Amino acid sequence: MKILNPDNLRVSTEPGATPCLLGNRCQQCGTIVFPKMPVCPSCHRNGAMEEVEIGRTGRLYSHTIAHFAPKGFIAPSFQAFIDLPEGPRVFSLIGSKYPVERGVLEDGMEMRLIVEPLADTPEHRDELTYKYVPASKANGAKA
Amino acid sequence: MRDVAIIGVGAHPTGRFMDKPLKALAYPAIWGALDDAGVKVTDVNVAYVGNSLGGLLTGQEGVRGQVVLQHSGITGIPIVNVENACASAMTALRGAWLEVASGAADVALAVGVEKMNVGNNARTISALSGVSELDLSELGMQFTTSYAIHPKINLKSRMQEYGWTAADFAKPAVKNSYNGSLNPLAQHRKPLTIEEVVQSRVIVDPLTLLMCSSISDGAAAAVVCSADIATRFSSKMPIKIASCVLQSGVYRLPHDDRPDSATTSAYAAYEKAGIGPEDLDAIELHDAMAPSELMLYERLGLCSPGEGPKLIDEHVTTLDGRLPVNPSGGLCSRGHPVGATGLLQICELVWQMRGEAGKRQIEKRPKVTLAQNQGGLLLGQDSAVYGCTILKS
């Protein structure tokens, strides 16, 4: 197993630690971006970005079910955008334990970040990435 | 800047042409445009060739423009290869326009060509995913998903916000399929009903198969020249490029309330052409997913937010309406060979303005027209490329 993009995702082995995304915060204007970039897109200051841990939780901005997939991925699948409390809106897949059906997710619901393989396929089985799942345990997750 | 006119256009039919490589698709489009313009190969000073997926799908990673043009007898001149996703061809036209407008060239050729049918649709879909930034596509994001739920497009939220129904989503596809049924160059020539579109299989909820543009091969070309020498080559009516605007997407955080880039590029084109949306007689726009046409009505300033379906219900944008949109059949019916689409739009508008559009000819020949083309996707929550061209006769 390897982390698909270690620059974007922190998986700590320390007890009690939870995984999070790694973004940048502009030390001049406070804008937080994900993924990282060296120039602030808001104030255009170069070299003022510092690394910040973000995205342990979020809110489901929008989601859909894709009924086909590119090579190496599985259909149907949830595809979603998540609003992070720190500012950025990120694209994310949804944890694989949730049945891909209408009614399982609701826009606006609270989400939390998990880490799991990108897809259960030979191409991506060994690549760990971030996904989001509903923060509350309801919503019919499979055990 | 000098005034620039389009004096010739040509297109290859759009569809599935398994036995034709890029150069064979481009050849009839290029010579169609040269013959239409009455220019010789030796009159062309410079050429821009748009193509998006040819590297991945055909293996011709470099110098595709030179390969394509040599096959058509054009060598020696500056040839610029253009990749700008689904807006590659409009970007090629802008290059040709700028060469002539600046005085660097008198006659320039713009070509768009795409070969998407390679006998393996999964490969084609993966290649198409590559017009999104890798940070998105490597997570398995579908390009179609962006139309369904991407923040600046989000057709799904429009259903909730404006009460648009699945039938509303189907309306542009139905309208455009009728137009396409009259177009001998179109890929899909069967007129569709609302029921057929709504009931076709779901691709990315709420978009169904018949709301999506399909995998296409095709090519288109245009010859442009300085307006003051336009009549030297051909007796046909020259079509003036009143503006040709290219913009890239803007990085947007959530709650960014600046106008989106489809709007800003259209209004930049209006301003440069000295017109407003009320002056337009016909439009070709980028309906990669049919319901996005309804949203583009708003962005181009044709109606208030949420009013898009009315423009079809009230026969404003139908072929017999005051402002026909996508008389060619648009991307869903005529077809969307991605790197050719922008110039296919221009071909259609030129034919309509000259009265050469056959059975789909707009009755009152349009004098002022607009082509809107866009493509690609970045994480910054906006499409990557926006092109908008206004033509005047």
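Sequence order as written defines residue numbering, which begins from 1 separately in each chain. Chains and ligands are labelled sequentially in the order written, the chains with letters from A and the ligands with numbers from 1. Only residues with pLDDT of at least 70 get local features here, since the model is predicted, and only at 80 or more are side-chain atom pairs given and counted; chain-wide, interface and lining totals rely on the full set of residues. Hydrogens are left out, water is left out, and the side-chain values use all remaining heavy atoms of the structure.

Trainee: How would you sum up the pattern of salt bridges? Please name residues and give values.
Mentor: Should a side-chain nitrogen of Lys or Arg be within 4 Å of a carboxyl oxygen of Asp or Glu, the pair is scored as a salt bridge. Using the criterion set out here, one finds 31 salt bridges over all chains in the structure. D313 of chain B is paired through a salt bridge with K171 of chain B; the nearest N and O atoms lie 3.0 Å apart. Residue D313 of chain B is located in helix α14 (residues 308-313), and its partner K171 of chain B is located in helix α9 (residues 166-181); the two are separated by 142 residues in the primary sequence. Here the salt bridges share partners, and the residues they tie into one network are D7, R10, K36, E51, E53 and R56 of chain A. What counts as a helix is a DSSP run of H or I of at least four residues, what counts as a strand is a run of E of at least two, and both are numbered from the N terminus.

Trainee: Can you tell me about helix α3 (residues 64-71) of chain B, naming the residues and giving the values?
Mentor: Residues and elements named next belong to chain B. When α3 is considered as a whole, its buried residues turn out to be R64, G65, V68 and L69. Buried residues of α3, viewed axially, fall in a sector of 120°; they line one side. Should any heavy atoms of two residues lie within 4.5 Å, those residues are considered in contact. Contacts from the buried residues of α3 go to α1 (22-37), β2 (46-50), α2 (54-58), β3 (79-82) and β4 (107-114). The positive-phi residue at the C-terminal boundary of α3 is G73, with phi of around 85°. Residue burial is assigned from relative accessible area. The probe radius is 1.4 Å, only protein chains are included, and a residue is buried under 20% of its type maximum, exposed over 50%, and partly exposed in between. Each C-beta atom gives one direction from the helix axis, and the arc is the one those directions make.

Trainee: Give a description of the packing of aromatic side chains that names residues and reports values.
Mentor: Stacked, edge-to-face and tilted are the three classes for Phe, Tyr and Trp ring pairs, Trp counted by its six-membered ring, which pair at centre distances within 6.5 Å; planes under 30 degrees apart are stacked, over 60 edge-to-face, the rest tilted. A complete count under the given rule lists six aromatic pairs over all chains for this structure. Ring centres 6.5 Å apart and planes at 75° place the aromatic pair W164 of chain B and F169 of chain B in the edge-to-face group. Each member of the pair W164 of chain B and F169 of chain B is classed as buried. Following the ring pairs from residue to residue traces out a cluster consisting of Y162, W164 and F169 of chain B. In this analysis the charged atom, NZ for Lys or CZ for Arg, is taken to sit over a ring once it is within 6 Å of the ring centre and within 35 degrees of the ring normal. The positively charged end of R89 of chain A is found above the aromatic ring belonging to Y61 of chain A, 3.6 Å away from the centroid. We note K20 of chain B situated over the ring of F17 of chain B; from NZ or CZ to the ring centre the distance is 5.7 Å.

Trainee: With reference to specific residues and values, describe the environment of A89 of chain B.
Mentor: Residue and element names in this part refer to chain B. By the element assignment, A89 lies in helix α4 (residues 88-101). The sequence separation of A89 and G329 amounts to 240 residues, and the corresponding C-alpha distance is 18 Å. Filtering out sequence-adjacent residues up to four positions away, A89 remains in contact with G112, G339, A340, T341, G342 and L343.

Trainee: Summarise unusual backbone geometry; cite the residues concerned and give the values.
Mentor: Following F34 of chain A, the chain continues into P35 of chain A via a peptide bond in cis, with omega recorded as -5°. One can find P35 of chain A in the loop between β4 (32-33) and β5 (49-54). Cis geometry marks the peptide bond from D205 of chain B to P206 of chain B, where omega comes out at 10°. Along the chain, the position of P206 of chain B falls in the loop between β5 (202-204) and β6 (207-208). Even without a glycine there, the phi angle at V63 of chain B is positive, about 45°. Tracing the sequence through the fold places V63 of chain B in the loop between α2 and α3. Even without glycine at this site, H255 of chain B takes up a positive phi of about 70°. Turning to its location among the elements, H255 of chain B is positioned in the loop between β8 (239-248) and α12 (261-273).

Trainee: Please provide a residue-by-residue account of the pairing of strand β10 (residues 127-134) of chain A, values included.
Mentor: All names here are of chain A. For β10, the tally of buried residues reaches eight of eight residues, placing the bulk of the element in the interior. Strands pair, by our definition, only if DSSP identifies at least two bridges between them. For strand β1 (residues 2-3) and β10, the ladder comprises two bridges, and the chain directions are parallel. Within β10, the position partnered with I3 by the bridge is L128. The sheet contact formed by strand β9 (residues 110-117) and β10 spans seven bridges and is antiparallel. In the strand pairing of β10, R112 is matched with V133.

Trainee: Residues and numbers for the confidence of the model for chain B, please.
Mentor: pLDDT runs from 0 to 100 and stands for how confident the predictor is about each residue. Predicted confidence across chain B gives a mean pLDDT of 95, with 100% of residues reaching 70 or more. Here the complex is predicted with pTM 0.96, and the ipTM for its interfaces comes to 0.89.

Trainee: Describe the interface of chain A and chain B, and please don't skip the residues or the numbers.
Mentor: Each side of the interface is counted separately: chain A has 37 residues, and chain B has 28 residues. Each partner contributes to the roughly 2800 Å² buried at the junction of chain A and chain B, and carbon and sulfur atoms together form 60% of this total. Counting every contact that joins chain A to chain B gives two salt bridges. The salt bridge involving D205 of chain B is made with R102 of chain A; its shortest N-O contact spans 2.6 Å. Two N or O atoms count as a polar contact when they lie within 3.5 Å, although within protein this holds only if one can serve as hydrogen donor and the other as acceptor, and sequence-adjacent residues are included solely when both atoms are side-chain atoms. Taken together, the connections running from chain A to chain B amount to eleven residue pairs in polar contact (both at pLDDT 80 or more). Elements with a minimum of two residues in the side of chain A that touches chain B: β4, β6 (57-66), β7 (77-83), β8 (89-93) and β10 of chain A. Here the side of chain A that touches chain B takes six residues from β6 of chain A, the largest share from any one element. Under this grouping Gly is polar, as are all residues other than the nonpolar Ala, Val, Leu, Ile, Met, Phe, Trp, Tyr, Cys and Pro and the charged Asp, Glu, Lys and Arg. For the side of chain A that touches chain B, the residue count by class is 21 nonpolar, eleven polar and five charged. Throughout, buried area stands for the accessible area (probe radius 1.4 Å) lost by two parts on being put together, summed over both.

Trainee: Residue-level account of the nonpolar core, with values.
Mentor: We call a set of buried residues a nonpolar core when its members are Ala, Val, Leu, Ile, Met, Phe, Trp, Tyr or Cys and they connect through side-chain atoms within 4.5 Å of each other. Grouped together as the largest cluster of nonpolar side chains are 100 residues, with contacts concentrated most on L21 and Y132 of chain A together with L207, I283, Y297 and I390 of chain B. In terms of residue count, α12 of chain B provides more of this core than any other element does, six residues in total. Among the nonpolar cores identified, the runner-up in size contains 40 residues, and W97, A282, L344 and W351 of chain B belong to it.

Trainee: Can you tell me about the environment of W31 of chain B, naming the residues and giving the values?
Mentor: Residue and element names in this part refer to chain B. Position of W31 among the secondary structure elements: in helix α1. Not counting residues within four places of it along the chain, the set of residues in contact with W31 comprises V41 and S72. Among the polar contacts made by the side chain of W31, one reaches the main-chain carbonyl oxygen of S72 at a distance of 2.9 Å.

Trainee: Give me the state of the cysteines: which residues, what numbers.
Mentor: For this text, the term disulfide refers to a pair of cysteine sulfurs within 2.5 Å. Scanning the model with the defined rule gives zero disulfides over all chains in all. Between C29 of chain A, a free cysteine, and C40 of chain A, which holds the nearest cysteine sulfur, the sulfur-to-sulfur gap is 3.6 Å. You can call C29 of chain A partly exposed: its relative accessible area is 36%. Unpaired in this structure, C244 of chain B has its nearest cysteine sulfur neighbour in C388 of chain B, at a distance of 9.0 Å.

Trainee: Account for the side chain of E116 of chain A, naming residues and giving values.
Mentor: Residues and elements named next belong to chain A. Its location among the elements puts E116 in strand β9. What makes E116 buried here is its relative accessible area of 11%. A distance of 2.8 Å separates the side chain of E116 from the backbone nitrogen of S96, its partner in a polar contact. Not counting residues up to four positions away in its chain, the partners in contact with E116 are I94, G95, S96, E127, L128, T129 and K131.

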